Amino acid sequence: MPSAKKRPPIRVLIAKPGLDGHDRGAKVVARALRDAGMEVIYAGLRQTPEAIVQAAMEEDVDIVGLSILSGAHMALIPKILELIRKEGAGPIPVFVGGIIPDEDARRLRKLGVKAIFGPGASLQEIVESAKRLTGRTS
Amino acid sequence: MSSERRLPPAAHALINGDRRVLARLITGAENDDPGARAVLRAIYPRTGRAWLVGLAGPLGVGKSSLLNALISHLRGLGQNVAVVAVDPSSPFSGGSVLGDRIRLDRSPDDPGVFIRSMASRGHAGGLARATREVARLLEAAGFGIILLETVGSGQVDVEIREVATTSVVVLVPHLGDEVQTLKAGLFEIADVFCVNKSDLPGADRARRDLMEFASLGGGDPGWTVPVVATSATTPSGIPELWQAVEAHERYLDSSGKRIEGERRRLTQEILALAESRFVADLSRDPTLPRRLEPVLARRLDPETAARRWWVERRKGRT
Ligand SMILES: Nc1nc2c(ncn2[C@@H]2O[C@H](COP(=O)(O)OP(=O)(O)OP(=O)(O)O)[C@@H](O)[C@H]2O)c(=O)[nH]1
Ligand SMILES: [Mg+2]
């Protein structure tokens with residue numbers, strides 16, 4: 001039905017780059033974002049940077065969330081940011097969840113990661129941050 | 001080419017295969033955005049020849065895994081292929097987790113494939129409201145084969161018939177009573193039956209049951225619904241599944257059913273679009289509150305009130 005005034009849902013890609021094989025955290029976040037009314041494309045485990053960026057492009061997402069546990073974040077995340085830039089995809093904001101040492105977190109922020117959530121972050125925080133980063137904080 | 005020049009720039013980019021523009025236009029079509037609507041109007045004359053192959057079937061029967069196997073098979077044949085996978089939206093939050101992509105692991109630098117997930121956004125019937133429009137955008141971007149995956153709610157995923165040119169109904173072994181219960185919905189829309197997970201015990205039995213069901217006829221007398229056994233994860237039976245789809249598409253051409261189907265689908269589409277406008281218009285009719293009163297007071301029944309309204313509006317307008 002015509003509902004021109006209703007704002008379209010935020011589209012989020014949740015992906016898990018790297019080789020470690022469990023994605024409970026990413027699934028919990030995906031569900032929380034869904035419960036906040038977002039459309040979450042869940043790309044699953046063991047995604048290469050190329051596959052993640054292609055999914056972000058094809059799915060025309062407003063924001064990308066990466067879950068990382070493997071310690072390979074400093075290899076993978078900069079690569080993803082670089083590919084997003086190359087795609088000419090415009091500035092799709094990227095947030096990261098995982099165990100990331102402070103020093104690395106600083107460098108990732110400098111490279112363009114918009115938010116980093118450690119294991120202690122609440123789902124509420126993540127949802128609010130996704131809304132803010134996509135300019136939907138009404 | 002003067003008609004080329006009159007195309008909106010986005011339509012031009014779309015036709016030239018710009019993936020980013022395609023992705024944005026799909027979002028626009030989903031959101032019923034005026035820019036996307038203008039492009040859809042402009043490209044419409046170029047559409048209508050693609051094969052729209054729908055995969056419908058209950059939750060977890062392996063629809064996405066079959067898509068994955070079909071993508072590699074079709075790429076092996078040198079065909080471009082686009083995929084639209086629909087998942088349900090939550091009726092409570094309006095949100096959705098779209099998980100079909102997990103099963104699709106094609107090479108990321110292959111330009112012959114495009115995959116898009118869509119949420120149903122409350123649309124009933126197993127597809128999203130904008131599925132047809134999205135298929136047209138994909139066709140205009142050069143995809144002659146478009147695979148559609150329905151929500152997976154089994155019996156009610158019947159809208160695929162109003163969108164796809166070939167509907168594949170996917171089931172698994174040990175249907176048992178399901179054969180009985182599903183008879184009245186999904187079964188009637190099948191152009192091809194696929195028994196997936198045929199690596200599991202019971203596949204032969206399921207295949208025989210379905211063949212028996214298919215041989216009873218009832219649908220199109222010119223087409224006997226083939227039953228193909230597959231295992232999407234092995235994979236096996238995938239070339240046979242595609243051959244069955246091709247045979248159906250060829251049958252549509254040779255029998256004249258393609259035009260017939262197109263006539264039926266477009267009639268439905270126009271009716272549905274007109275209906276939503278009429279309903280929007282009616283709900284703004286200033287006489288509606290006045291018409292409600294006698295119905296609320298139980299002096300007039302709703303059917304009579306609606307009929308009088310309809311008659312009066314017709315007199316007033318035509
Ligand atoms: N043994 C076996 N398992 C399969 C086969 N095809 C799919 N599966 C498994 O069945 C499960 C569901 O597969 P999907 O492809 O996600 O099924 P689906 O129909 O797309 O599921 P929904 O989209 O949730 O309705 C997965 O665990 C697959 O690995 C098959 O041919 N044989
Ligand atoms: Mg699926």
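What counts, and where the lines are drawn
- Residues numbered from 1 in each chain as written.
- Chains lettered and ligands numbered in written order.
- Predicted model: local features only at pLDDT ≥ 70, side-chain atom pairs only at ≥ 80, totals over all residues.
- Heavy atoms only, no water.
- Contact = heavy atoms within 4.5 Å.
- Salt bridge = Lys/Arg side-chain N within 4 Å of Asp/Glu carboxyl O.
- Helix = DSSP H or I, 4+ residues; strand = E, 2+ residues; numbered from the N terminus.
- Nonpolar A, V, L, I, M, F, W, Y, C, P; charged D, E, K, R; others polar.
- pLDDT = per-residue confidence, 0-100.
- Near = heavy atom within 4 Å.
- Polar contact = N/O pair within 3.5 Å; in protein donor to acceptor, adjacent residues only side chain to side chain.
- Buried < 20%, exposed > 50% of the residue type's maximum accessible area, 1.4 Å probe, protein only.
- Donors = N, O, S within 2.8 Å, 3.2 Å for Na, K, Ca; no water.
- Pairing = 2+ DSSP bridges.
- Axes fitted to C-alpha atoms, helices over the stretch in contact; angles between N-to-C directions.
- Phe/Tyr/Trp six-rings, centres within 6.5 Å; stacked < 30°, edge-to-face > 60°.
- Domains from an automatic or database assignment.
- Buried area = accessible area lost by both parts, 1.4 Å probe.

## With respect to the interface of chain B and chain A
- Listed by partner, the interface residues are 28 residues for chain B and 29 residues for chain A.
- Linking chain B with chain A are eight salt bridges, by the criterion used here.
- A salt bridge links Arg24(B) to Asp60(A); the nearest nitrogen and oxygen atoms lie 3.5 Å apart.
- Broken down by secondary-structure element, the contributors of at least two residues to the side of chain B that touches chain A are helix 3 (19-30), strand 3 (96-98), strand 4 (113-119) and helix 11 (257-283) of chain B.
- Looking at the side of chain B that touches chain A residue by residue, the class counts come to 10 nonpolar, nine polar and nine charged.

## Thoughts on the confidence of the model for chain A
- Taken as a whole, chain A shows an average pLDDT of 88; of its residues, 93% reach a score of 70 or greater.
- Element-level pLDDT for chain A is lowest in strand 2 (residues 39-47) of chain A, with a mean of 88, against a maximum mean of 96 in helix 5 (residues 123-133) of chain A.

## Looking at the site of ligand 1
All names here are of chain B.
- What surrounds ligand 1 is a group of 17 residues, the closest being Lys 63, Ser 64, Ser 65, Arg 103 and Asp 199.
- For ligand 1, an oxygen atom lies 2.9 Å from a polar atom in the side chain of Lys 197.
- Interatomic distance of 3.3 Å between a side-chain N/O atom of Ser 231 and an oxygen atom of ligand 1.
- Among the elements that take part in the shell around ligand 1, helix 5 (residues 63-76) stands out by supplying three residues, more than any other.
- Here the residues of the shell around ligand 1 are counted per class, giving four nonpolar, seven polar and six charged.

## Focus on the environment of Ser70(A)
Residue and element names in this part refer to chain A.
- Mapped onto the elements, Ser 70 comes out in the loop between strand 3 (63-68) and helix 3 (73-86).
- Accessibility expressed as a relative area gives 35% for Ser 70, which makes it partly exposed.
- Taking the C-alpha atoms as reference, Ser 70 lies 14 Å from Ala 15; in sequence the two are 55 residues apart.

## A few points about the pattern of salt bridges
- Summed over the entire model, instances satisfying the criterion amount to 31 salt bridges over all chains.
- A salt bridge links Glu87(A) to Arg20(B), with the shortest nitrogen-to-oxygen separation between them at 2.9 Å. Taken together, the positions of Glu87(A) in the loop between helix 3 and strand 4 (94-98) and Arg20(B) in helix 3 put the pair across two chains.
- On the accessibility criterion, Glu87(A) (34% relative accessible area) is partly exposed.

## Observations regarding the coordination of the magnesium ion (ligand 2)
All names here are of chain B.
- Donor atoms from the polypeptide that bind the magnesium ion (ligand 2) are Ser 64 (OG), Asp 100 (OD) and Glu 149 (OE), placed at 2.1 to 2.2 Å.
- Sequence spacing of the donor residues for the magnesium ion (ligand 2), all on one chain, is S-x35-D-x48-E. Residue Asp 100 is located in the loop between strand 3 and strand 4, and its partner Glu 149 is located in strand 5 (residues 145-149); the two are separated by 49 residues in the primary sequence.
- A relative accessible area of 3% means that Glu 149 is categorised as buried.

## Let's talk about the sheet that holds strand 2 (residues 81-87) of chain B
Residues and elements named next belong to chain B.
- Pairing is parallel across the open sheet formed by seven strands, whose spatial order is 4-2-5-1-6-7-8. At either end of the open sheet lies a strand with only one pairing partner, and these are strand 4 and strand 8 (227-229). Each strand axis lies, on average, 20° off the axis of its neighbour in the sheet, ignoring direction.
- Note: strand 7 (residues 192-195) against strand 8, three bridges, orientation parallel. Note on strand 8: the bridge partner recorded for Phe 193 is Val 227.
- Contacting strand 1 (51-56), strand 2, strand 4 and strand 5, helix 6 (residues 131-140) crosses the sheet at an angle of about 155° to strand 5.
- Relative to the sheet, helix 10 (residues 238-255) contacts strand 1, strand 5, strand 6 (166-171), strand 7 and strand 8, its axis offset from that of strand 1 by approximately 130°.

## Notes on the packing of aromatic side chains
- Here the structure, examined in full by the defined rule, presents five aromatic pairs over all chains.
- Between Phe95(A) and Phe117(A), the aromatic rings sit 5.9 Å apart at their centres with planes inclined by 80°, giving edge-to-face as the arrangement. Of this pair, Phe95(A) sits in strand 4 while Phe117(A) sits in strand 5 (residues 115-117); the two residues are 22 residues apart in sequence, bridging distant segments of the chain.
- A relative accessible area of 4% places Phe95(A) in the buried class.
- Taken together, a centroid distance of 6.1 Å and an interplanar angle of 65° make the contact between Phe193(B) and Phe213(B) edge-to-face. Of this pair, Phe193(B) sits in strand 7 while Phe213(B) sits in helix 9 (residues 203-215), and the two are 20 residues apart along the sequence. In terms of burial, Phe193(B) and Phe213(B) fall into one category: buried.

## Considering the domain arrangement of chain B
All names here are of chain B.
- On domain assignment, one finds that chain B holds domain 1 (1-44), domain 2 (47-255) and domain 3 (265-314).
- Measuring from the centre of the C-alpha atoms in domain 1 to the corresponding centre in domain 2 gives 27 Å.
- On the domain 2 side, the residues contacting the 17 residues of domain 1 number 19 residues.
- With both chains or domains summed, domain 1 and domain 2 bury close to 1600 Å², and 61% of this area falls on carbon and sulfur atoms.
- When residues of domain 1 are sorted by the area they lose upon contact with domain 2, Arg 19, Ile 26 and Glu 30 head the list and together hold 39% of the total.
- There are two salt bridges connecting domain 1 and domain 2.
- Arg 121 serves as the salt-bridge partner of Glu 30, at 3.9 Å between the closest nitrogen and oxygen.
- In this assembly, domain 1 and domain 2 are joined by 10 residue pairs in polar contact (both at pLDDT 80 or more).
- Among the elements of the structure, helix 2 (9-15), helix 3 and helix 4 (34-43) are those that each provide at least two residues to the side of domain 1 that touches domain 2.

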